[in-house]
Each structure stands twice: as C-alpha cells, then as structure tokens.
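So the chains spell out like this:
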Amino acid sequence: MTMLGPAVWPPAPIRTERLVLREPEARDRAVVVELHSSPEVGAYIGGARPRAEVDRAVPATPNRRPGLFVVELDGAMIGVVELNRRGPELRSRVRPDGGEAELGYLFLPQAWGHGYAAEACAAVLDWFAGALPGEPVVLTTQTANERSMRLAAKLGFTKVRLFEEWGAEQWFGVWTTPVAPSG
C-alpha cells in the first residue's frame, strides 16, 4: 500500500509518443534544482527559491516517492508530473473524507508550448485510472496562469470552485477516473 492506495509502485516506465515517464535518478538532480529555482517556473507557485538553497536541499538522487514521475524527452529530463494525496485539512474537497489525489507538474520553460505537459499529464491520469478506477483527481491553479488553465480544460478537469489564497484567485477542478462497466 502506497500513498496512492493499492497501486503498484513504481510502475514500469510509461512511454508516450514522445516521452518517457519514470522514477527520478541521480542524473536528474541538475534539472530538479533548475526547476525549483527558475523565476519563470515559480511565477504562479509562490516564486522561485534561491538556487543555493535548492542546491543544498536536493539530495544526490532526487527523492523517489510514490506518484512522482520524471518526464524525459530524447533521454533528457524536461519536467515532473506528480500525484499527491491531499491532507484532510485542505479545503475544497470533492470527497467527504478528503484525501483526493492532486495532480501537479513543473516543466522547464524551454519545454513550454510543445504539448509535453498535456501528453505527460494525460499519461499519468491514464495510469492512475487503471490503478484506481473511479478515484477523483483534483488540480489547483491560479486563474492568472493561462497555460495551466488551458491544460486543465484539455485534460478534462471541471471547475468545482474558485477561491482566494496566497494573494491570488485559485481555480480548483476535478477529474474523475472512468469506471469500467461491471458484468
């Protein structure tokens, strides 16, 4: 049993038309540091952290944990997609007990605008639907983040509500995994 429930972790690498989604490896460390210290990447998630601070915090092999996928293009890391269980204290729950899986993603700015985030997130949602059919997945993004808003719509997330947090309007949506017909 993992954070994501009874899903087997880690899964075999997920291959899409252009990408490979896999567990983090030591060779990914420099990109992990770049992702978390990039002003462009941090614009809608509270800002970039100082590079020296991130460099001290990231271990030699970036943390491996259930739900975290490195996104690789032509053998090089370009981003991450993750599913994390939300704590019951977080508002905007779609299940009475909370604990929904929340989709998150970070991509290097040079990877933006090529459809990689949509391709990678769709693959992770497909994996999740196979592992935990019928489970909802939630996503929160600032309404000012137009790229993220378009991605949420493209992936099939539907708005649950808007709320104010961290000094900005936040969009909260849900995606429900399909349930195979019984019988």
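Scroll up for the structure.
Presented here is a report on the structure given in the accompanying data block. (Residues numbered from 1 in each chain as written. Predicted model: local features only at pLDDT ≥ 70, side-chain atom pairs only at ≥ 80, totals over all residues. Heavy atoms only, no water.)

## Overview of the packing of aromatic side chains
Here comes step 1: Taken as a whole and assessed by the stated rule, the structure comprises 1 aromatic pair.
Here comes step 2: Aromatic side chains Phe69 and Trp127 sit 5.5 Å apart centroid to centroid with 75° between the ring planes, which places their arrangement in the edge-to-face category. Of this pair, Phe69 sits in strand S3 (residues 68-73) while Trp127 sits in helix H4 (residues 116-131), placing them 58 residues apart in sequence. Grouping residues by exposure puts Phe69 and Trp127 together as buried. (Phe/Tyr/Trp six-rings, centres within 6.5 Å; stacked < 30°, edge-to-face > 60°. Helix = DSSP H or I, 4+ residues; strand = E, 2+ residues; numbered from the N terminus. Buried < 20%, exposed > 50% of the residue type's maximum accessible area, 1.4 Å probe, protein only.)

## Some remarks on the environment of Ala76
Here comes step 1: Mapped onto the fold, Ala76 is located in strand S4 (residues 76-85).
Here comes step 2: Between the C-alpha atom of Ala76 and that of Val20, which follows or precedes it by 56 residues, the distance is 9.6 Å.

## Re the environment of Val31
Here comes step 1: Looking at the secondary structure, you find Val31 in helix H1 (residues 29-37).
Here comes step 2: For Val31, a relative accessible area of 15% gives the class buried.
Here comes step 3: For the pair Val31 and Val80, spaced 49 residues apart in the sequence, the C-alpha separation amounts to 9.9 Å.
Here comes step 4: Sequence-distant contacts of Val31, defined by excluding residues within four places in its chain, comprise Met77 and Leu108. (Contact = heavy atoms within 4.5 Å.)

## Structural notes on the pairing of strand S5 (residues 101-107)
Here comes step 1: Most of S5 sits inside the fold, with 6 of its 7 residues counted as buried.
Here comes step 2: Relative to S5, S4 runs antiparallel, the two being bridged by 7 bridges. By the bridge assignment for S5, Glu82 is matched with Gly104.
Here comes step 3: Across 2 bridges, S5 lies against strand S6 (residues 136-142) in parallel orientation. Across the sheet, the residue bridging to Glu102 is Val138, located in S6. (Pairing = 2+ DSSP bridges.)

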